[in-house]
Amino acid sequence: MPRQFFVGGNFKMNGNIETIKSIVAHLNDAKADPNTEVVIAPPSLYLLLTREHLRSGIEVAAQNVFDRPNGAFTGEISVAQLKDSNITWTLLGHSERRVVLQESDAFVAKKTAAAIDGGIGVILCCGETLEQREADKTIEIVTSQLAAVAKEVKDWSKIVVAYEPIWAIGTGKVATAAQAQEVHAAIRKWLGESVGSEAQEATRVIYGGSVSEKNCKELAGEKDIDGFLVGGASLKPAFVDIINARSS
Ligand code: PGA
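What counts as what
- Residues numbered from 1 in each chain as written.
- Predicted model: local features only at pLDDT ≥ 70, side-chain atom pairs only at ≥ 80, totals over all residues.
- Heavy atoms only, no water.
- UniProt positions renumbered as here; feature names shortened; annotations may be inferred.
- Axes fitted to C-alpha atoms, helices over the stretch in contact; angles between N-to-C directions.
- Helix = DSSP H or I, 4+ residues; strand = E, 2+ residues; numbered from the N terminus.
- Parallel < 35°, antiparallel > 145°, perpendicular 65-115°, else oblique.
- Left-handed = near helix turned anticlockwise from the far one by under 90°.
- Contact = heavy atoms within 4.5 Å.
- Nonpolar A, V, L, I, M, F, W, Y, C, P; charged D, E, K, R; others polar.
- Patch = residues over 30% accessible without salt bridge, like charges linked within 9 Å, V, L, I, M, F, W, Y side chains within 5 Å.
- Areas by Shrake-Rupley, 256 points an atom, 1.4 Å probe, with all protein chains shown as cover.
- Salt bridge = Lys/Arg side-chain N within 4 Å of Asp/Glu carboxyl O.
- Core = buried A, V, L, I, M, F, W, Y, C linked by side-chain atoms within 4.5 Å.
- Buried < 20%, exposed > 50% of the residue type's maximum accessible area, 1.4 Å probe, protein only.
- Polar contact = N/O pair within 3.5 Å; in protein donor to acceptor, adjacent residues only side chain to side chain.
- Pairing = 2+ DSSP bridges.

The name recorded for the chain in an unreviewed UniProt entry is Triosephosphate isomerase, from Friedmanniomyces endolithicus. Check the Catalytic activity (unreviewed entry) section of the UniProt entry for the chain; it says "D-glyceraldehyde 3-phosphate = dihydroxyacetone phosphate". The Sequence similarities (unreviewed entry) field of the UniProt record for the chain holds the comment "Belongs to the triosephosphate isomerase family."

Okay, here's the thing in structure tokens:
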């Protein structure tokens, strides 16, 4: 079975009630390829607003979730609370959280397990720094980030892996299609060896890092690139062109 093309929009800490409503209205009216699965991730404060206004058929993701069910964890949100609010996905392990908030591979893995056990999908981010790439450590870094999750999670059917080289995020410096394809193929091989043949076949591996309406078509032409995680461009009307990268 071919893997369904998947495009996520990561708004990060951007937007307000007015701009998020306007992005949602634009998406509701857009001619989006029905074969693309689309998920948008606004800041947590706007998750409910987004879900309320967004048309069905497009899902909403949190940008993070905690690994405990409830209790005295000031500032955190649980998987059950997301489910209760019809938020069916979460991002986890974004490099901005790994680097700025110092989240470890093990913590990301625990949160991924909590999300999967609780029945929501996970866009699991991984990626190397420029220094690591130049030291030829890209595959080692990315697969060790994923291996931490494989220790905790056996069922990868609700995980989408987002390969996001840190040097490409928000920099305008996109990985070439060949560079991305090389890592995506390595991730797929690792999935086969470490999770199983079904995960190798079926897991979507999407690319993130300065994806735009200009570069998405070439990237989407690669055989192991199953979609995108889009930051800056997801706030713009051109996000629809990225959703449609495979269709026109
Ligand atoms: P960018 O961000 O598209 O703005 O580079 C991607 C991401 O961080 O998910």
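Enquirer: For the packing of helix α5 (residues 105-117) against helix α7 (residues 138-152), give the residues involved together with the corresponding values.
Expert: Contact geometry of α5 with α7 gives a least axis separation of 8 Å together with a crossing angle of 45 degrees. It follows from the interaxial angle that α5 and α7 lie oblique. Here the hand of the crossing between α5 and α7 comes out right-handed. Residue-level contacts link Asp105, Ala109, Lys110, Thr112 and Ala113 of α5 to Ser144, Gln145, Ala148, Val149 and Glu152 of α7. Here the residues of the contact of α5 with α7 sort into 4 nonpolar, 3 polar and 3 charged.

Enquirer: Requested: an account of a nonpolar patch on the surface, with residues and values cited.
Expert: On the surface, a nonpolar cluster with roughly 300 Å² of combined accessible area is contributed by Val99, Val100 and Leu101. Inspection of the secondary structure puts valine 99 in helix α4 (residues 95-99).

Enquirer: Now, about the nonpolar core: what can you tell me, with residues and values included?
Expert: Within the largest apolar cluster, 67 residues are counted, with the highest numbers of intra-cluster contacts made by Leu27, Leu146, Trp156, Ile187, Tyr207 and Phe228. The residues touching tryptophan 156, leaving out its near neighbours within four places in the chain, are Leu124, Leu146, Val149, Ala150, Val161, Trp190, Leu191, Val195, Ala199 and Thr203. One finds Ala61, Trp89, Ala162 and Leu229 within the second-largest nonpolar core, a separate group that totals 12 residues.

Enquirer: Before we move on, could you go through the side chain of asparagine 10 and cite the residues and values that matter?
Expert: Checked against the element boundaries, asparagine 10 lands in strand β1 (residues 6-10). Side-chain polar atoms of asparagine 10 contact the backbone nitrogen of lysine 12, separated by 3.0 Å. With residues up to four places along the chain from it excluded, the contact list for asparagine 10 reads Ala41, Gln63, Leu91, His94, Leu229, Val230, Gly231 and Ser234.

Enquirer: If you had to explain the pairing of strand β7 (residues 205-208) to someone new, which residues and values would you point to?
Expert: Neither face of β7 is open: one carries Val205 and Tyr207, the other Ile206 and Gly208, and all of them are buried. Pairing between strand β6 (residues 159-163) and β7: 3 bridges, direction parallel. Across the sheet, the residue bridging to alanine 162 is isoleucine 206, located in β7. Relative to strand β8 (residues 227-230), β7 runs parallel, the two being bridged by 2 bridges. Across the sheet, residue glycine 208 finds its bridge partner in β8, namely leucine 229.

Enquirer: An account of the pairing of β1 is needed here, citing residue identities and associated values.
Expert: The element β1 is largely enclosed, with a buried count of 5 among its 5 residues. By the alternation rule, side chains of β1 split into Phe6, Gly8 and Asn10 and Val7 and Gly9, which are all buried. As defined by bridge partners, β1 adjoins strand β2 (residues 37-41) across 5 bridges and the pair is classed as parallel. Looking at β2, one finds that glycine 9 is bridged to isoleucine 40. When β1 meets β8, the two strands line up parallel, connected through 4 bridges. Considered in β8, the bridge of phenylalanine 6 is made with glycine 227.

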